[in-house]
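Each chain, written out:
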Amino acid sequence: MSAVVTSSSSGNNIGGSRSHHVGETANLSLFAAVASSAPSAFRILCVVCGPFRPTILANHGDFSQLLRTAVDVLSSDADPESPQVIRDHFDSRTSPARPPASWELFHLYDAPVTVSTTTTTTRAAGDDAALTDAVLAQWPNLADYDAVILSGSRYNMTEDHPWLPLAAEWLRRAVREREAFYSHRCDGDVSTTRSQRPPPPILGICFGHQLLSHALGGAVDWNPAGRECGTLRIEQTSTLAPAASGPRDDAHADGNPHVLDNHDDVLVRVASLPAAFDVIAYHNQTVTCLPKTSVCLFRSVRDRHQVVRHGPLVYSVQFHPEFSPALMQDYAPHLSFESEQERTAFVDSLRDTPIAKRIVGAFIVLAWEERQQPHFRERRGGREATAK
């Protein structure tokens, strides 16, 4: 049985979802107008890595609704310094003719992990590539989407879930294919095979950040500095004093850098991220060692890897740009604290973080701009042909 992908309801019941049918989209009018020959919908796959609590769904909506609410802030007065390129993309007053976006949900934690025949059901194993291929064939084909965003989760990366190794392989293949595509493009190879549309840009959030890092060869474990929770400040890696930088990753002892000048990063530029800004976070585990080719852009006092670039338009963040103080207040009764005083301090720390939301907006803008390039308009399986 193939995986179920749902499209978020555009009605008043923001916590609901419905089956997604071909041609049916959540018409949010989010994107700038393009030539009439361009595809009519921008497909965003929202990968849900763990179940949402009923109170969160009822009061704030599903993962796609949280993302949509976050980008709505970008065209409001909540962030008056939001870059104009982002405001123009998300403000219907400046771009009334933009085509719709389809926000589609894939519940990763409920994804198929077996292959069934008329006589047997077999679970995928890490050492059986053919069986893994057969299981992943039931999951969404990422090349059919224009952007992928991975959610947080109530689960921990160190837990044993049958879908976790499959998810890591699913993401690893997508990122490596993007890297290969860009490598050949840079080498001037525009052959039919290499010019076929690769998997889309990917953004991982919290658990999604850890999962993506693990998939690419990094390490995830309990944070030795302790839990991060509430509203906290993150800073560019290049601006931190040596005393706050922490021990060096062993994986980078050969001189491979994992910190770069943030002014050279396209996401940082488009989002116009300052050297330091506030974010909302709650996590006990962390990326203890980055993948070898990943670079760290921002960090906090307790976490060395808050914003990471893993490849061409492949990013992850340890915090929650889509969260609001009101949502975290609803989460507070369900979170683990050592005392009521600590819980109260957590709630009291909460405040709006509009700059963090720019990351989601800038990521979608960059994914949209990538799709406008000729070689990115062709979807596999002939779903969309490159515009002539």
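Preceding block: the structure.
Note that this is a predicted model, so its numbers are computed, not measured.

**A word on the overall build of the protein chain**
What the protein chain contains, in helices and strands, is 11 helices and 15 strands. Across the 388 residues that make up the protein chain, the buried fraction comes to 54%. For the protein chain, restricting intrachain contacts to residue pairs at least 6 apart in sequence, the fraction spanning at least 24 positions comes to 78%. Within the structure as shown, the protein chain displays about 16600 Å² of accessible surface, and the carbon and sulfur contribution to it stands at 51%.

**Here's the deal with the nonpolar core**
By size, the foremost hydrophobic cluster in this structure holds 59 residues, and its most contacted members are Phe-63, Phe-319, Met-328 and Ile-364. Not counting chain neighbours up to four residues away, the residues in contact with Met-328 comprise Ile-280, Ala-281, Tyr-282, Phe-323, Leu-335, Phe-346 and Leu-350. The next biggest cluster of nonpolar side chains, apart from the first, holds 37 residues, and it includes Leu-45, Ile-202, Leu-211 and Val-314.

**Observations concerning helix α7 (residues 207-215)**
Summarising burial for α7: 8 of the 9 residues are buried, a large majority. Immediately downstream of α7, the backbone of Gly-217 shows phi near 110°, a positive value.

**Brief notes about helix α2 (residues 63-73)**
Buried residues dominate α2, accounting for 9 of its 11 residues. The complete set of buried residues in α2 reads Phe-63, Ser-64, Gln-65, Leu-66, Leu-67, Arg-68, Ala-70, Val-71 and Val-73.

**What to know about the environment of Ala-215**
Within the secondary structure layout, Ala-215 lies in helix α7. According to the relative accessible area criterion, Ala-215 is buried, its value standing at 10%. Residues Ala-215 and Glu-169 lie 46 residues apart in sequence; the distance between their C-alpha atoms is 6.5 Å. Apart from residues lying up to four places away in sequence, Ala-215 is in contact with Ala-168, Leu-171 and Arg-172.

**Quick notes on the packing of aromatic side chains**
One pass over the structure, following the stated rule, counts 12 aromatic pairs. Centre to centre, the rings of Phe-181 and Tyr-182 are 5.8 Å apart; their planes meet at 85°, and the pair counts as edge-to-face.

**As for the pattern of salt bridges**
In total, this model carries 12 salt bridges according to the counting rule given. The residue Asp-146 makes a salt bridge to Arg-371 at a minimum N-O spacing of 3.3 Å. With Asp-146 in the loop between α4 (129-136) and β7 (147-150) and Arg-371 in helix α11 (residues 354-371), this pair connects stretches of sequence that are 225 residues apart. The salt bridge involving Glu-340 is made with Arg-343; its shortest N-O contact spans 3.3 Å.

**A word on the packing of α2 against α11**
Relative to each other, α2 and α11 sit at 105°, their axes nearing to 8 Å. As the angle between them shows, α2 and α11 are arranged roughly perpendicular. Touching Leu-67, Ala-70, Val-71 and Val-73 of α2 are Pro-354, Lys-357, Val-360, Gly-361 and Ile-364, all from α11. Here the contact of α2 with α11 is composed, by residue class, of 7 nonpolar, 1 polar and 1 charged.

So, how was this worked out
Residues numbered from 1 in each chain as written. Predicted model: local features only at pLDDT ≥ 70, side-chain atom pairs only at ≥ 80, totals over all residues. Heavy atoms only, no water. Helix = DSSP H or I, 4+ residues; strand = E, 2+ residues; numbered from the N terminus. Buried < 20%, exposed > 50% of the residue type's maximum accessible area, 1.4 Å probe, protein only. Contact = heavy atoms within 4.5 Å. Areas by Shrake-Rupley, 256 points an atom, 1.4 Å probe, with all protein chains shown as cover. Core = buried A, V, L, I, M, F, W, Y, C linked by side-chain atoms within 4.5 Å. Phe/Tyr/Trp six-rings, centres within 6.5 Å; stacked < 30°, edge-to-face > 60°. Salt bridge = Lys/Arg side-chain N within 4 Å of Asp/Glu carboxyl O. Axes fitted to C-alpha atoms, helices over the stretch in contact; angles between N-to-C directions. Parallel < 35°, antiparallel > 145°, perpendicular 65-115°, else oblique. Nonpolar A, V, L, I, M, F, W, Y, C, P; charged D, E, K, R; others polar.

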